[in-house]
Amino acid sequence: MVTVNEIEVKGILTKTKIPAADYVINPYVGCPHKCIYCYAEFMKRFTNHHEPWGDFIDVKQCSRKINIERLKNATVNFSSVTDAYNPFEKKFKKTRELLEQFAGSEVKIEILTKSDLVIRDIDLFKKIPHIRIGISMNTLDDAIRKITEPRASSIKKRLDALKTLHEQKIKTWVFLSPIFPGITDFKAIIHACKPYTGAFYFENLNLRGAYRARVMKYIADYHAGLLPLYKEIYQRGDIGYWEEMEKEIHAFCKKNKLNYGSYFYHEKIRKK
Ligand code: SF4
């Protein structure tokens, strides 16, 4: 059960320090996808929500138009603390409304989603010259996805969406994030996605928020054999696993001539 509120906001554009973006647009507060590792849960503190993360969504109403001229050459990312194509986008169309303002503009738009609803807007993407759509996944196993990303689209739907976007000549990329030690098989994901994209980005699992206990419980319940590895990384702060994996990723991507980028270590693995 998700509580839905419509809220009035004065502006929709926020300056950001996240990699490879100048601004972010979050059309919603909260994210019903309810991923167990979601770092955006901190938004509860700022928005006075007491419901569990994933069980509320605020739909932003913003009457002020975006000053597109001011954003020339900037990169705008949809979204950083929600999924712009969460299931409520089907009804409220806030992401679509906001994207419409960028039609014909020079602004670089990056969208990252775990939802196949994204293909609804292909007609609009074709009117935005510098748009790239990222599909996020960290496993090909839908049984794992069902527990870790319970309300996001199935892996098959994400792969189908990636294929459709590619066939419709929309630029795509795949975000392998977060990489779960001992679980995420990055080569298998690349193999499955390679026919439909040439760009891959990687991010390791960080456990620095309230979700740390939730993720460790998931590992204990479903992958107990991996507990020593997780303790090594997240309790003792050993980053050797990630160093090895990063080397492997570099070697694999170079060998396969992939366009790739790594967002490892942008936070400390262990909260000191
Ligand atoms: S899709 Fe992204 S924002 Fe939404 S719950 Fe999952 S990790 Fe959080």
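These lines cover the structure that appears in this document, whether it is placed above or below.

Rules and cut-offs
Residues numbered from 1 in each chain as written. Predicted model: local features only at pLDDT ≥ 70, side-chain atom pairs only at ≥ 80, totals over all residues. Near = placed C-beta within 6 Å. Nonpolar A, V, L, I, M, F, W, Y, C, P; charged D, E, K, R; others polar. Pairing = 2+ DSSP bridges. Helix = DSSP H or I, 4+ residues; strand = E, 2+ residues; numbered from the N terminus. Axes fitted to C-alpha atoms, helices over the stretch in contact; angles between N-to-C directions. Core = buried A, V, L, I, M, F, W, Y, C linked by C-beta atoms within 7 Å. Buried ≥ 20, exposed ≤ 12 C-beta atoms within 10 Å, placed from the backbone. Contact = placed C-beta atoms within 7 Å.

This brings us to the site of the ligand. As a structural note, the neighbourhood of the ligand is formed by Cys31, His33, Lys34, Cys35, Cys38, Ala40, Thr82, Asp83, Lys114 and Ala152. Tallied by class, the residues present in the shell around the ligand amount to 5 nonpolar, 2 polar and 3 charged.

Strands sit in the order S2-S3-S6-S7-S8-S9-S10-S11 across an open sheet of 8 strands; the sheet is mixed. Two strands close off the open sheet at either side, each with one partner strand: strand S2 (13-15) and strand S11 (259-262). If you compare each strand with its neighbour and ignore which way they point, the axes differ by 25° on average. Taken together, the 5 bridges between strand S8 (residues 131-136) and strand S9 (residues 171-179) define a ladder with parallel strand orientation. Note on S9: the bridge partner recorded for arginine 132 is lysine 171.

This brings us to the sheet that holds strand S5 (residues 56-61). The mixed open sheet is built from 3 strands, whose spatial order is S1-S5-S4. Sheet topology places strand S1 (3-8) and strand S4 (28-29) at the edges, where each strand pairs with a single neighbour. Of the pairings in the sheet, the one linking S1 to S5 comprises 6 bridges and is parallel in character. Residue pairing in the sheet places isoleucine 7 in a bridge with lysine 60 of S5.

In this section: the nonpolar core. Ile109, Ile111, Ile133, Val174, Leu176 and Phe200 are the most contacted members of the largest nonpolar core, which has 41 residues in total. Each residue touching valine 174, except ones within four places of it in the same chain, is listed here: Gly134, Ile135, Met137, Cys193, Thr197 and Phe200. Counting residues in hydrophobic clusters, the runner-up holds 13 residues, among them Cys35, Tyr37, Leu207 and Ile219.

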